[in-house]
Amino acid sequence: LHLECPMMGLPAQEKRLRRRLCWAVFIQDKFLSLHTGRPPYIRNDEWDVGELDNFDFLPWNETHASKASPFRDLARLSLIAERLQADLYSLKSCQKLAENLPDSIQAARPIFDALHQWRASVPIPETFPESRISLNENQDPYPACISLAYLSLVAYTWRALLRPTVRSAPAPQIIDVDAEPQTFPDTGFLFQDLSWNFSDFPELELQLEDGASDSSATINELYQAAQTWAEALVKFTVCLTSSDFGQFWYSWSKFSLVVTSNFPMLLLVQAPSSESGVRARELLERWRQVVKDHAKVSPLFLLAATEPGQVFEAGIAETFCLPSHVQLIL
């Protein structure tokens, strides 16, 4: 399937089917690898299939063009997902960008540009369900699963941008490798008295140098933009209806929801000020209520509702190492 087939001695219908199947596998591989944090199986140097076109959906495309277009859109979006994982979340890129905000901005800019271009090219220009309803009664509304896939990629990009704005100090030393080895009595339970004390675990702090006002302004601007986008994400989720839940959803769509569900929590944990923290807390509470309500209707939201619920049950302050100004607003 990974080989281009126009020159193969196959019926035209089978060639079209092979190309569609190949892209279906490609989409599955790219989104699953991104969501699970694992390297993709399909590599560019082992891939020889061009982008889908109208010919790949004939004769079905002649009467169901609106059904073929979303799949082609998702195939193009999977190419952006592949680039996003390679440039922002691969092992090497994480090591390079984890504490480097300028390089993170440079790496994220082409991803944002590609996402904006993709967004402008889809048939329905608005994200929210009430705007996705077609003016033509014979045309189906744009699939919510593809809108969610797009939103999850935007969330990934914002996460990578916010990643270097905060960091933890070095973790407390548990075992001193340079110390003299200790001898233990032969009780049969070598580690029974070994305690793990994390009470001195450092709080998150903004990665700012003294007098770095430009850096502070950049961080605040990035955070405010991310928070504004997160509010749009909540609005999208609120507007999902039963007809959206009844559509086809990919197996990895539930992971896309988990990614978007974790984003409001990230904004609270990384809030650079008390004012931003209050806004993030209110956003997180709204999001939690939305996914809880949707989980009663659709099992798609069960995982997205479970994770924040477990964090709230255990306690946000007990789960994360929070800045002092965030602790005060909880």
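Calculation criteria
Throughout, a residue's number is its position along its own chain's written sequence, starting from 1. Totals for whole chains, interfaces and linings use all residues, but because this is a predicted model, local features are given only for residues with pLDDT of at least 70 and pairs of side-chain atoms are given and counted only at 80 or more. Side-chain metrics in this entry use all non-hydrogen atoms of the structure; hydrogen atoms and water are not considered. A helix here means a DSSP run of H or I that spans at least four residues, while a strand means a run of E at least two residues long, and both kinds are numbered starting from the N terminus. The buried label goes to any residue with under 20% of its type's maximum accessible area, the exposed label to any with over 50%, and the partly exposed label to all in between, with areas taken from a 1.4 Å probe on protein chains only. The contact criterion used throughout is that any non-hydrogen atoms of two residues lie within 4.5 Å. What sets the accessible areas is the Shrake-Rupley method with a 1.4 Å probe; for residues, cover comes only from the shown protein chains. The salt bridge criterion pairs a side-chain nitrogen of Lys or Arg with a carboxyl oxygen of Asp or Glu, the two atoms within 4 Å. Angles run from 0 to 180 degrees between N-to-C directions of axes, and those axes are lines fitted to C-alpha atoms, restricted for helices to the stretch in contact. In these notes the angle categories are as follows: under 35 degrees is roughly parallel, over 145 is roughly antiparallel, 65 to 115 is roughly perpendicular, and the rest is oblique. By convention the crossing between two helices is left-handed if the near helix lies anticlockwise of the far one by an angle smaller than a right angle, and right-handed if it lies clockwise. Any residue that is not Ala, Val, Leu, Ile, Met, Phe, Trp, Tyr, Cys, Pro, Asp, Glu, Lys or Arg is counted as polar, Gly included; the first ten are nonpolar and the last four charged. Whether two aromatic rings pair depends on their centres lying within 6.5 Å, for rings of Phe, Tyr and Trp, where Trp uses its six-membered ring; planes under 30 degrees apart make the pair stacked, over 60 edge-to-face, and the rest tilted. Geometrically, a charge over a ring is one whose NZ (Lys) or CZ (Arg) sits within 6 Å of the ring centre while staying within 35 degrees of the ring normal. What is meant by a nonpolar core is a set of buried Ala, Val, Leu, Ile, Met, Phe, Trp, Tyr and Cys residues, joined one to another through side-chain atoms within 4.5 Å.

Chemist: Would you mind going over the overall build of the protein with me for this structure?
Modeler: Scanning the protein from N- to C-terminus turns up 14 helices and two strands. Evaluated residue by residue, the protein yields a buried proportion of 42% over its 330 residues. Considering only contacts in the protein between residues 6 or more positions apart, those separated by 24 or more positions represent 77%. Summed over its atoms, the accessible surface of the protein is roughly 18600 Å², and 54% of this surface lies on carbon and sulfur atoms.

Chemist: Explain the environment of arginine 163 to me, please; I cannot follow it from the model alone.
Modeler: For arginine 163, the position within the fold is in the loop between helix 7 (144–162) and strand 1 (166–167). It is 8.6 Å that separates the C-alpha atoms of arginine 163 and serine 104, two residues lying 59 residues apart in sequence. Apart from the residues within four sequence positions on either side, arginine 163 is in contact with Leu88, Tyr89, Cys94, Leu97 and Ala98.

Chemist: Whenever I open this one, the pattern of salt bridges confuses me. Can you help?
Modeler: Charged atoms that come close allow side chains of opposite charge to pair. Per the counting criterion, the structure on display carries five salt bridges. The salt bridge involving glutamate 82 is made with lysine 30; its shortest N-O contact spans 3.2 Å. With glutamate 82 in helix 3 (residues 65–89) and lysine 30 in helix 1 (residues 12–36), this residue pair connects regions lying 52 residues apart in the sequence. The pair glutamate 82 / lysine 30 is uniform in exposure class, with both members buried. The network of salt bridges with common partners includes Asp29, Lys30 and Glu82.

Chemist: Even after reading the chapter, I still don't get the packing of helix 10 (residues 253–269) against helix 11 (residues 274–295), so can you show me in this structure?
Modeler: How two helices sit against one another is set out by the angle between their axes and by the gap between those axes. In contact at an axis separation of 7 Å, helix 10 and helix 11 are set at 150° when each is read in the N-to-C sense. Between helix 10 and helix 11, the interaxial angle falls into the category roughly antiparallel. For the pair helix 10 and helix 11, the crossing hand works out as left-handed. Packed against helix 10, whose contacting residues are Leu257, Thr260, Ser261, Pro264, Met265, Leu267 and Leu268, the element helix 11 presents Gly277, Ala280, Arg281, Leu283, Leu284 and Trp287 at the interface. Of the residues in the contact of helix 10 with helix 11, the class split is nine nonpolar, three polar and one charged.

Chemist: Is there a simple way to think about the packing of aromatic side chains in this case?
Modeler: The relation between two aromatic rings is expressed through the spacing of the ring centres and the mutual angle of the planes. Counting across every chain of the model gives nine aromatic pairs. Pairing phenylalanine 31 with tryptophan 252 gives two aromatic rings, centres 4.2 Å apart and planes at 5°, and the pair type is stacked. Of this pair, phenylalanine 31 sits in helix 1 while tryptophan 252 is found in the loop between helix 9 (242–245) and helix 10, placing the two residues 221 residues apart along the sequence. An angle of 20° between the planes, with centres 5.4 Å apart, marks the rings of tryptophan 118 and tyrosine 150 as stacked. Note that tryptophan 118 is positioned in helix 5 (residues 101–121) and tyrosine 150 in helix 7, a separation of 32 residues in sequence. Assigned by exposure class, tryptophan 118 and tyrosine 150 land together as buried. A connected cluster of aromatic rings, assembled from ring pairs, spans Phe31, Phe248, Tyr250 and Trp252. One residue, arginine 119, lies across the ring of tyrosine 150, its end atom 5.6 Å from the ring centre. The residue whose ring lies beneath arginine 163 is tyrosine 89, and the NZ or CZ to ring-centre distance is 5.3 Å.

Chemist: I keep staring at the nonpolar core and nothing clicks. Help me out?
Modeler: In this structure, Phe31, Leu74, Leu77, Leu153, Trp158 and Leu267 are the most contacted members of the largest nonpolar core, which totals 84 residues. Per element, the largest residue contribution to this core is 15 residues, and it comes from helix 7.

Chemist: Would you explain the environment of leucine 284 in this entry?
Modeler: Structurally, the position occupied by leucine 284 is in helix 11. Along the sequence, leucine 284 and leucine 268 sit 16 residues apart, while their C-alpha atoms lie 7.7 Å from each other. The residues touching leucine 284, leaving out its near neighbours within four places in the chain, are Pro264, Met265, Leu268, Phe312 and Ile316.

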